[in-house]
Amino acid sequence: MRKSNYLFIFLIVFFVNINYLSADQTIVNNDSAKSLIPMGIEFNIDVLNRENIEDIQVKFKVQGRKSFQYEYLDLDNYSNGESLKYFFSTEQSSRYIPPGSKLTYFFEVFFKDGSSYKTEKKEQTFLDSRFKWEKVEGDIVTIYYHGPVSRRAKKMLEACEESVNKISRLLGVEENEKISVMMYNNYSEMFDVVVKKSETQASSLITEGQAFATENVVLVDGGSRSALGVSTHEITHVIVARASKSSYLGVPLWLNEGLAEYGNIEQDQGYERYLEWAIDTGRLFPFSSLNRFPGNPNLTLVAYGQSKSFVEFLINNFPEGSMIKLMDEISDKKSIDDSFISSFGFSLKDLEAQWKEELGISIFDNKDDLSGSSNINKESKGSCSGGAMRFEVSSLLLLIFAYFVKKVMNISKLRQKIRFL
Ligand SMILES: [Zn+2]
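Thresholds, definitions, all that
Residues numbered from 1 in each chain as written. Predicted model: local features only at pLDDT ≥ 70, side-chain atom pairs only at ≥ 80, totals over all residues. Heavy atoms only, no water. Helix = DSSP H or I, 4+ residues; strand = E, 2+ residues; numbered from the N terminus. Donors = N, O, S within 2.8 Å, 3.2 Å for Na, K, Ca; no water. Tetrahedral: all angles 85-135°; square planar, octahedral: opposite > 155°, others 65-115°. Buried < 20%, exposed > 50% of the residue type's maximum accessible area, 1.4 Å probe, protein only. Axes fitted to C-alpha atoms, helices over the stretch in contact; angles between N-to-C directions. Parallel < 35°, antiparallel > 145°, perpendicular 65-115°, else oblique. Left-handed = near helix turned anticlockwise from the far one by under 90°. Contact = heavy atoms within 4.5 Å. Nonpolar A, V, L, I, M, F, W, Y, C, P; charged D, E, K, R; others polar. Core = buried A, V, L, I, M, F, W, Y, C linked by side-chain atoms within 4.5 Å. Salt bridge = Lys/Arg side-chain N within 4 Å of Asp/Glu carboxyl O. Pairing = 2+ DSSP bridges. pLDDT = per-residue confidence, 0-100.

### Side note on the environment of Lys 66
Mapping Lys 66 onto the fold places it in the loop between strand E3 (53-62) and strand E4 (69-72). With 148 residues separating them in the primary sequence, Lys 66 and Thr 214 have C-alpha atoms 9.3 Å apart.

### A closer look at the coordination of the zinc ion
In an ideal tetrahedron of four donors about a metal, each angle is 109.5 degrees. In an ideal octahedron of six donors, the angles are 90 or 180 degrees. Those donors, His 233 (NE2), His 237 (NE2), Glu 257 (OE) and Glu 257 (OE), are the protein atoms that reach the zinc ion, and they lie 2.0 to 2.8 Å from it. Around the zinc ion sit four donor atoms; with metal-centred angles ranging over 51 to 143°, the donor geometry is irregular. Each donor residue of the zinc ion lies on the same chain, and together they follow the pattern H-x3-H-x19-E. Taken together, the positions of His 237 in helix H5 (residues 227-243) and Glu 257 in helix H6 (residues 253-263) put the pair 20 residues apart, joining distant regions of the chain. Glu 257 shares its class with His 237; the two are buried.

### What to know about the packing of H5 against H6
As a packed pair, H5 and H6 sit with axes 8 Å apart at the nearest point and diverge in direction by 125°. When the axes of H5 and H6 are compared, the pair comes out oblique. With respect to the hand of their crossing, H5 and H6 are arranged in right-handed fashion. In this structure, H5 uses Thr 232, His 233, Thr 236, His 237 and Val 240 to contact H6, whose residues at the interface are Asn 256, Glu 257, Leu 259, Ala 260, Glu 261 and Gly 263. The residue inventory of the contact of H5 with H6, partitioned by class, reads three nonpolar, six polar and two charged.

### Some remarks on the nonpolar core
Membership of the largest hydrophobic core comes to 67 residues, with the highest contact counts inside it found for Ile 143, Trp 254, Leu 255, Leu 314 and Met 323. Among the elements that line this core, the one with the most residues is helix H8 (residues 297-317), at ten residues. In this structure, Ala 33, Leu 84, Phe 126 and Met 182 belong to the second largest nonpolar core, which totals 39 residues.

### Describing the pattern of salt bridges
Under the defined criterion, the tally for this structure stands at twelve salt bridges. With a shortest N-O distance of 3.6 Å, Glu 137 and Lys 178 are connected by a salt bridge. Residue Glu 137 is found in strand E9 (residues 134-137), and its partner Lys 178 is found in the loop between helix H2 (150-171) and strand E11 (179-184); the two are separated by 41 residues along the sequence. When its relative accessible area of 40% is taken as the criterion, Lys 178 is described as partly exposed. Note that Lys 334 and Glu 329 form a salt bridge whose closest N and O atoms lie 2.9 Å from each other.

### Here's the deal with the pairing of strand E10 (residues 141-145)
Two faces, one strand: in a regular strand the side chains alternate between the faces of the sheet. E10 sits mainly inside the fold: five of its five residues count as buried. Burial of E10 is two-sided: the residues Val 141, Ile 143 and Tyr 145 facing one way and the residues Thr 142 and Tyr 144 facing the other way are all buried. Where E9 and E10 come together, four bridges link them in antiparallel fashion. Residue pairing across strands places Lys 135 opposite Tyr 144, the latter belonging to E10. Here E9 folds back onto E10, and the loop between the two strands holds three residues. Summarising the sheet, E10 and E11 pair through four bridges and their orientation is parallel.

### Notes on the side chain of Ser 244
With respect to the helices, strands and loops of the structure, Ser 244 is situated in the loop between H5 and H6. The class of Ser 244 is buried, set by a relative accessible area of 0%. Sequence-distant contacts of Ser 244, defined by excluding residues within four places in its chain, comprise Val 251, Met 327 and Ser 331.

### Here's the deal with the packing of H2 against H5
Two numbers describe how H2 lies on H5: the axes approach to 9 Å, and their chain directions differ by 35°. Our pair here, H2 against H5, has a crossing hand that is right-handed. For the pair H2 and H5, the contacting residues are Lys 155, Met 156, Ala 159, Cys 160, Ser 163, Val 164, Ile 167, Ser 168 and Leu 171 in the first and Ala 227, Leu 228, Ser 231, Thr 232, Ile 235, Thr 236, Ile 239, Val 240 and Ala 243 in the second. Looking at the contact of H2 with H5 residue by residue, the class counts come to twelve nonpolar, five polar and one charged.

### Section: the confidence of the model for the protein
When pLDDT is averaged along the protein, the result is 81; 77% of the residues meet or exceed 70. When the criterion is pLDDT under 50, residues 199-204 qualifies, and its contacts beyond four places in sequence or with other chains add up to ten contacts.

### A few points about the sheet that holds strand E2 (residues 40-47)
Strand order in the open sheet formed by three strands is E1-E2-E5, with antiparallel pairing between adjacent strands. Edge positions in the sheet fall to strand E1 (28-35) and strand E5 (84-89), since each of these pairs with one other strand and no more. Along the sheet, successive strands turn relative to each other by an average axial angle of 10°, direction set aside. Pairing of E1 with E2, which is carried by seven bridges, proceeds in the antiparallel orientation. Within the sheet, the bridge partner assigned to Asn 30 lies in E2 and is Asp 46.

Okay, here's the thing in structure tokens:
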């Protein structure tokens, strides 16, 4: 009995001592971060006392983005024993971080004597805090879902893995980092986390999916009937970005969207009807003008239809490896024309003529006068619903891409899907 009491006292003294020693060695007791997305991210740090502390910074980097950013914690309201918190709001577009992003973060404590101490770097995935997420994981893709939709999530995982493998082979992407797909159950759940392009869009359009190539994240409305098509289209954009490396903005819009439709496992027959209509009425656009898609909904569908058709033509009629070469050339920041000549052996214009020939279009039918962005603009204000469908593409600069937008349109009393970049 006595012996064990001694042992007990010895252990207490021993542990108190350890605590004392570690407190001496470092001033930081604990640090953590938690997602409050869609509002933001909260960083926490416990310091044992703040007497000698001049400042504390939290430094963090979203995986895929180039640099760390830092913020100063407010030390004025510190009271002993309480955690210091820093709330980083993600609600403004310039501070936006898509849910599913992985962050690396650490704190740096600056002391009054000029020295400083860094906490260990931690990595964490930040999910949408409003739901309790589960996940299914494949080799490259992870689908996050919530609620009784695990079967749907597994189907989406299979579809996404299939598309990622197919497009990676096509474009020569050998190593793939993980991609997070956040599967929401309906549009209203997703509304608060998608990037709204403009007021017009926010009020009139429904985004079914959004790809964030830099952050390796795709958001998708899993409740939509075309959820598998949307998710595979979006995830293809992520692979195109990887294939074109730092020159993603150099990938022409028609090529990016045409490839995304090629990667879409539920290809939309509707595009073919629009393509036929455009051929019959001479409304095809020269690809050189399709770095921007027209605002008019019917013509947007033409642009998607012809991009998809042309990309299929290029894949089916040229040696395997041509697309890989094209992506390499674009990655090397060569012009589009030079890139096509060295990878396909023809200029874009020549390839376009061959494609038209295959479709049975006389090149003399081509209304070249439809080309040019000014004419596209004129078209977009044409017979349809005035300016209501004009989109801003300026956020290209933010490297954030939004696609697959649908709207219930009065035009021709048809329910149509509109996709845009
Ligand atoms: Zn797209």
